[in-house]
Amino acid sequence: MNNIDALRLQFQQKVLSSSRSATTAPNANPPQTDYTKKFALSSCYWSFKNPVTSMSYLRTENNQLVLATGTFSNTTKVFILTDEVPFIKDDDIYELKPANGAYKVLDVDVHRNFFTIAENNGKVVTACSDGHLRFWTCDKQKQDSQLCQSYNTGATKANRVKFMEDFNVLASISSDGQLRVTDVETAQCIMSMRKNEVELTSMAVHPTNNLIYTGDFLGYGLVWDLRVGKYICDFNNFVDFSVKTESNDTNAVFDQSFRTAKITNLHKSRVTRSHFDASGVLLTTASDDHFCFVWDLRKQKLIKQIPAHTNRLVHANFASNNNVLITASCDGVIKFWDWYTLTIIN
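Below you will find a few notes about this structure. (Residues numbered from 1 in each chain as written. Predicted model: local features only at pLDDT ≥ 70, side-chain atom pairs only at ≥ 80, totals over all residues. Heavy atoms only, no water.)

A few words on the sheet that holds strand β20 (residues 282-287). Reading across from one edge, β19-β20-β21-β22 is the order of the four strands in this open sheet, with antiparallel pairing throughout. Every other strand in the sheet has two partners, leaving β19 (271-276) and β22 (301-306) as the edge strands with one partner each. Taking each pair of neighbouring strands and ignoring which way they run, the sheet shows an average axis angle of 20 degrees. Where β20 meets strand β21 (residues 292-296), five bridges bridge the pair, whose relative direction is antiparallel. (Pairing = 2+ DSSP bridges. Helix = DSSP H or I, 4+ residues; strand = E, 2+ residues; numbered from the N terminus. Axes fitted to C-alpha atoms, helices over the stretch in contact; angles between N-to-C directions.)

All right, on to the environment of Cys233 then. Looking at the element boundaries, Cys233 is found in strand β16 (residues 230-234). The spacing of Cys233 and Tyr213 is 20 residues in sequence and 9.0 Å in space, taken between C-alpha atoms.

This next bit is on the nonpolar core. By size, the foremost hydrophobic cluster in this structure holds 34 residues, and its most contacted members are Phe11, Met164, Ile212 and Leu226. With residues up to four places along the chain from it excluded, the contact list for Ile212 reads Met164, Ala171, Leu179, Met203, Ala204, Val205, Leu222, Val223, Trp224 and Leu226. (Core = buried A, V, L, I, M, F, W, Y, C linked by side-chain atoms within 4.5 Å. Buried < 20%, exposed > 50% of the residue type's maximum accessible area, 1.4 Å probe, protein only. Contact = heavy atoms within 4.5 Å.)

We now examine the pattern of salt bridges. This model, assessed by the stated rule, comprises eleven salt bridges. In this structure, Arg112 and Glu165 form a salt bridge, with 3.9 Å as the shortest nitrogen-oxygen distance. Remark: Glu165 occurs in the loop between β9 (158-164) and β10 (169-174) and Arg112 occurs in the loop between β5 (105-110) and β6 (121-128); sequence separation between them is 53 residues. As a salt-bridge pair, Lys157 and Glu199 come within 3.0 Å of each other at their nearest N and O atoms. Residue Lys157 is located in the loop between β8 (144-152) and β9, and its partner Glu199 is located in the loop between β12 (189-193) and β13 (200-205); the two are separated by 42 residues in the primary sequence. Residue Lys157 is classed as partly exposed on the basis of its relative accessible area of 29%. Look at Glu199 and you get buried, because its relative accessible area is 18%. One salt-bridge network, in which partners are shared between bridges, spans Arg112, Glu165 and Asp166. (Salt bridge = Lys/Arg side-chain N within 4 Å of Asp/Glu carboxyl O.)

As a further point, take a nonpolar patch on the surface. A cluster of nonpolar residues, Ile334, Phe336 and Ile345, forms a patch on the protein surface that exposes about 210 Å² of accessible area. Structurally, the position occupied by Ile345 is in the segment after β26 (343-344). (Patch = residues over 30% accessible without salt bridge, like charges linked within 9 Å, V, L, I, M, F, W, Y side chains within 5 Å. Areas by Shrake-Rupley, 256 points an atom, 1.4 Å probe, with all protein chains shown as cover.)

What follows is about helix α1 (residues 3-17). The terminal C-alpha atoms of α1 lie 21 Å apart, and with 15 residues this matches the ideal 21 Å at 1.5 Å per residue to within 8%. On the buried face of α1, the contacting elements are β10, β11 (179-183) and β12. (Expected span 1.5 Å × (residues − 1).)

Attention shifts here to the packing of aromatic side chains. Summed over the entire model, instances satisfying the criterion amount to four aromatic pairs. Measuring from ring centre to ring centre gives 6.1 Å for Phe291 and Phe293, while their planes differ by 75 degrees; the resulting arrangement is edge-to-face. Residue Phe293 is classed as buried on the basis of its relative accessible area, which comes to 3%. Judged by centre distance (6.2 Å) and plane angle (65 degrees), the ring pair of Phe293 and Trp295 falls under edge-to-face. The class of Trp295 is buried, set by a relative accessible area of 2%. An aromatic cluster is present here, built from Phe291, Phe293 and Trp295 joined pairwise through their rings. Positioned above the aromatic ring of Tyr103 is the side chain of Arg134, whose terminal nitrogen or guanidinium carbon lies 4.0 Å from the ring centre. Cation over ring: Lys304 sits above Trp339, and NZ or CZ is 5.9 Å from the ring centre. (Phe/Tyr/Trp six-rings, centres within 6.5 Å; stacked < 30°, edge-to-face > 60°. Lys NZ or Arg CZ within 6 Å of the ring centre and 35° of its normal.)

Scanning all chains against the criterion turns up two cavities of 30 Å³ or more. Size it by volume and the largest cavity reaches roughly 70 Å³. Lining the largest cavity, in full, are Gly177, Lys195, Asn196, Leu200, Thr214, Asp216, Tyr220, Gly221, Leu222 and Trp224. Contributing elements (two or more residues each) for the lining of the largest cavity: β14 (211-216) and β15 (221-225). Looking at the lining of the largest cavity element by element, the count peaks at three residues for β15. Class assignment of the residues belonging to the lining of the largest cavity gives a composition of four nonpolar, four polar and two charged. (1 Å grid on protein atoms, 1.4 Å probe; cavity = no way out; pocket = protein on both sides within 12 Å on 5 of 7 lines; lining within 4 Å. Points joined across faces, edges and corners; volume = space filled by probe spheres on them. Nonpolar A, V, L, I, M, F, W, Y, C, P; charged D, E, K, R; others polar.)

Hydrogen bonding along the main chain pairs the strands of a sheet, whether they run parallel or antiparallel. Read from one edge of the open sheet, four strands run β13-β14-β15-β16, paired in antiparallel fashion. Because the sheet does not close on itself, it has two edges, and the strands there are β13 and β16. The mean inter-strand angle of the sheet, taken between neighbouring strand axes irrespective of direction, is 30 degrees. The pairing of β13 with β14 spans five bridges and is classified as antiparallel.

This is the structure:
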């Protein structure tokens, strides 16, 4: 057994033994102050001269708000905000930028234990347009940051990345249709899964860390079980196959038996973002087709199709209490919806 096989076995044993419920998942609790959400949303517009492509923020054990943003350039910035000082100071900004390399930062994620009491180093990972995952550390004492490791996925682009802190791994998706699990310490891929070669564009990790949803460029979705390394929920099974179409229909997909179907309840374009709610029962997906879909995974049913905006959606997620649905589009419009009435909240 080589090192990668040993890491894969160790990871799957951790996943199988994990019994943490969704209600105790990290980041399930809402921020303690209202301004954090406003800050995180508004930062997209003033942080950079280049357009912001991705953003990740969380509240640490030290009660700090850590916000990381990536841009069309190869620059990532990390901002530190506290309740006592609700504004950005120059010494609370870390700039993650390599000495060379021309690429876009397509996604960024911050480790949950960023600047804990026990350690002075914070961990950040970026997914880049050159197919690399880059691991960064921010040194609190030296007020410095550095690139510590880089992993080449072999794909043209690495589109999304997410830390899974409980298992010391991260999940990522790329343009070659692969869902990868990478060990944080060694930067080695220990698990790789793919159904086809369609580019994966969206990813959501279940609160239990056992399941991962992936959405692709055609609006298609799968739910993968990391305990067995296979997809267990095929969103193509939710489609009504009673209406046949021509094979050149751009809204048609092929299942494993090569049946052609008119899509009645799948996105008609790229899935841009996806999120599980805190309970892990509901899944929201946002798409370029201007729609927000809400799925009930327990019933394996699409329960809401919301024509949320008149432009491409870049975000759709529930607030912590599941009473409010938040959507955002690429034209800068953000809407807050009452989940029970699907009316916009002023």
